[in-house]
Amino acid sequence: MNERGDFPKALALFKSNFSGTDDKEVVISIVKALETDGKISEEIEYFTDELCGVYKDFWQKKIYLLFILKRYEEIVEEALSAYSTWKDECFLKSRDTAISHIIKTLVSDEKYEEALIYYEYRFFEPNQVLETQRIMILLELKKYQEVVQVCTENLKIWKKEPFFIERKKQALEYLRQEQSKNNGFLTKIYFDALSFEELESLEMDDFEKMILQIAYYEKSKKVKKGLQLIKKGLLTTSFTEEEKNILGCLKEKFISKISSKRYKLVDWNYYCSILNCFIDKDYETKEKSSLRKLEMTNY
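Residues numbered from 1 in each chain as written. Predicted model: local features only at pLDDT ≥ 70, side-chain atom pairs only at ≥ 80, totals over all residues. Heavy atoms only, no water.

1. Comments concerning the environment of K56
Here comes step 1: Position of K56 relative to the elements: it lies in helix α5 (residues 56-68).
Here comes step 2: Take K56: its relative accessible area is 30%, and that puts it in the partly exposed class.
Here comes step 3: A sequence separation of 30 residues divides K56 from W86, and the C-alpha atoms of the two residues are 7.2 Å apart.
Here comes step 4: In contact with K56, other than residues within four places in its own chain, are W86, D88 and F91. (Helix = DSSP H or I, 4+ residues; strand = E, 2+ residues; numbered from the N terminus. Buried < 20%, exposed > 50% of the residue type's maximum accessible area, 1.4 Å probe, protein only. Contact = heavy atoms within 4.5 Å.)

2. Comments concerning the nonpolar core
Here comes step 1: By size, the foremost hydrophobic cluster in this structure holds 48 residues, and its most contacted members are F58, I63, I103, I135, V147 and F164.
Here comes step 2: When neighbours within four sequence positions are excluded, F164 is seen to be in contact with Q128, E131, T132, I135, C151, N154, L155 and W158.
Here comes step 3: By size, the runner-up hydrophobic cluster in this structure holds 34 residues, among which are I189, F207, L247 and F254. (Core = buried A, V, L, I, M, F, W, Y, C linked by side-chain atoms within 4.5 Å.)

3. A few points about the side chain of E43
Here comes step 1: Relative to the helices and strands, E43 resides in helix α3 (residues 40-45).
Here comes step 2: A relative accessible area of 0% places E43 in the buried class.
Here comes step 3: If we skip the residues at most four places from it in the chain, E43 touches V31, L34, E35, K61 and L65.

4. Structural notes on the environment of T236
Here comes step 1: With respect to the helices, strands and loops of the structure, T236 is situated in the loop between α14 (223-234) and α15 (241-259).
Here comes step 2: Through-space distance from the C-alpha of T236 to that of F207 is 9.9 Å; in sequence the pair is 29 residues apart.
Here comes step 3: In terms of polar contacts, T236 uses its side chain to reach the backbone carbonyl oxygen of K232, at 3.1 Å. (Polar contact = N/O pair within 3.5 Å; in protein donor to acceptor, adjacent residues only side chain to side chain.)

5. Digging into α14
Here comes step 1: The terminal C-alpha atoms of α14 lie 16 Å apart, and with twelve residues this matches the ideal 16 Å at 1.5 Å per residue to within 8%.
Here comes step 2: By the burial criterion, the buried members of α14 are V223, G226, L227, L229, I230 and G233. Buried residues of α14, seen end-on, are gathered within an arc of 160° and therefore sit on one face of the element. Seen from the buried face of α14, the exposed residues on the opposite side, beyond 90 degrees, are K224, Q228 and K232.
Here comes step 3: Of the surrounding elements, those touching the buried residues of α14 are α13 (206-219) and α15. (Expected span 1.5 Å × (residues − 1). Arc of directions from axis to C-beta.)

6. Considerations on the pattern of salt bridges
Here comes step 1: Per the stated rule, a full pass over the model turns up 14 salt bridges.
Here comes step 2: For the salt bridge of R176 with E173, the shortest nitrogen-to-oxygen distance reads 2.7 Å. On the criterion of helical spacing, the pair formed by R176 and E173 is a turn pair, its members being three residues apart in helix α11 (residues 162-190).
Here comes step 3: Residue D267 is joined to K253 by a salt bridge in which the shortest nitrogen-to-oxygen separation is 3.6 Å. Here the residue D267 occupies a position in the loop between α15 and α16 (268-275), and K253 occupies one in helix α15, the gap between them amounting to 14 residues.
Here comes step 4: On the basis of relative accessible area, D267 is assigned to the partly exposed category, the value being 34%. (Salt bridge = Lys/Arg side-chain N within 4 Å of Asp/Glu carboxyl O.)

7. A look at a negative patch on the surface
Here comes step 1: Side chains of D109, E110, E114 and E140 sit close together on the surface and give a patch of like negative charge.
Here comes step 2: Accessibility expressed as a relative area gives 47% for D109, which makes it partly exposed. (Patch = residues over 30% accessible without salt bridge, like charges linked within 9 Å, V, L, I, M, F, W, Y side chains within 5 Å. Areas by Shrake-Rupley, 256 points an atom, 1.4 Å probe, with all protein chains shown as cover. Lys, Arg positive; Asp, Glu negative; His and termini not counted. Charge placed at Lys NZ, Arg CZ, Asp CG, Glu CD.)

8. Regarding the packing of aromatic side chains
Here comes step 1: In this structure the tally under the stated criterion is 15 aromatic pairs.
Here comes step 2: Measuring from ring centre to ring centre gives 5.4 Å for F47 and F58, while their planes differ by 75°; the resulting arrangement is edge-to-face. Separated by eleven residues along the polypeptide, F47 in the loop between α3 and α4 (49-54) and F58 in helix α5 bring together distant segments of the chain. Grouping residues by exposure puts F47 and F58 together as buried.
Here comes step 3: In textbook terms, an aromatic cluster arises when at least three aromatic residues are bridged by ring pairs, as seen for Y190, F191, W268, Y271 and Y283.
Here comes step 4: K87 extends its terminal NZ or CZ atom over the ring of Y83, reaching a point 5.5 Å from the ring centre.
Here comes step 5: Taking NZ or CZ as reference, K253 lies 4.7 Å from the ring centre of Y270, over its face. (Phe/Tyr/Trp six-rings, centres within 6.5 Å; stacked < 30°, edge-to-face > 60°. Lys NZ or Arg CZ within 6 Å of the ring centre and 35° of its normal.)

9. Some remarks on the confidence of the model for the protein chain
Here comes step 1: Model confidence for the protein chain is summarised by a mean pLDDT of 87, while 88% of its residues fall at 70 or above.
Here comes step 2: For the protein chain, helix α17 (residues 283-298) is the element with the lowest average pLDDT, namely 53, and helix α9 (residues 128-140) is the one with the highest, namely 96.
Here comes step 3: Every residue in residues 290-299 is under pLDDT 50, and counting partners more than four places away or in other chains gives zero contacts. (pLDDT = per-residue confidence, 0-100.)

10. Let's talk about the side chain of D88
Here comes step 1: Note that D88 resides in the loop between α6 (72-86) and α7 (89-108).
Here comes step 2: Using a relative accessible area of 19% as the deciding quantity, one classes D88 as buried.
Here comes step 3: Within the structure, D88 has its side chain in polar contact with the side chain of K56 (distance 2.8 Å).
Here comes step 4: Filtering out sequence-adjacent residues up to four positions away, D88 remains in contact with K56, Q60 and Y83.

Laid out in structure tokens, this is it:
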């Protein structure tokens, strides 16, 4: 039937007569003929759950064929079932390899958050390839603090591995630059030394800019305008779930502030924690000192 091209009937007949069969050679001869004709998709169908539960090498062959066809999502599920049945770590390795391929595709499509979700599907045995992919994704998402933590953890396993050492240094430098930049902006808002128009013109990360604008509104006692901006941010599709959770917390704070009859001070520590920075309380003293030096130079 397979030779005549009537594959569905042949498969149905096979399943009704050979599921769980001890006649392994019959099954091998059928799938070998299909493979010789290059009919890999059809061949896979003959490796039923019943047969794979009896013969481990059938499950291994099925996963191998799925790799050839690049059906990685199926491998993730098949390898999990195979490991549950046979407790062979080769299936764990196959599953992690498939996850790595899926992550690579998602990253090429710039679907970074989705790629991180797939990373969580891995088994808990450390996998250097997956850890490398994870770090590159976190760098793309500008989650530098997380990169530092992940690299530190991995260096306990893969000591002196250059990739983790260099990426940790890179993330620390980015954090230092971000801290320096955000220190200045938030400090200026604190001292009323930055206008909203200047904030709007800044070329920086959209989320960080929105946080600074929200802080500006709160400092200026324009809480309702700040709440409007927060609601707009919650509808923005480019923000991550983590960023929207932060905006959700700010929304609750602003609603509480509006409904309260007593004035509540701005929680500057909260803004500093979001932006990974601090407020330079000596800003005014430094500015006055700089102005005096400039005046003396021009005198």
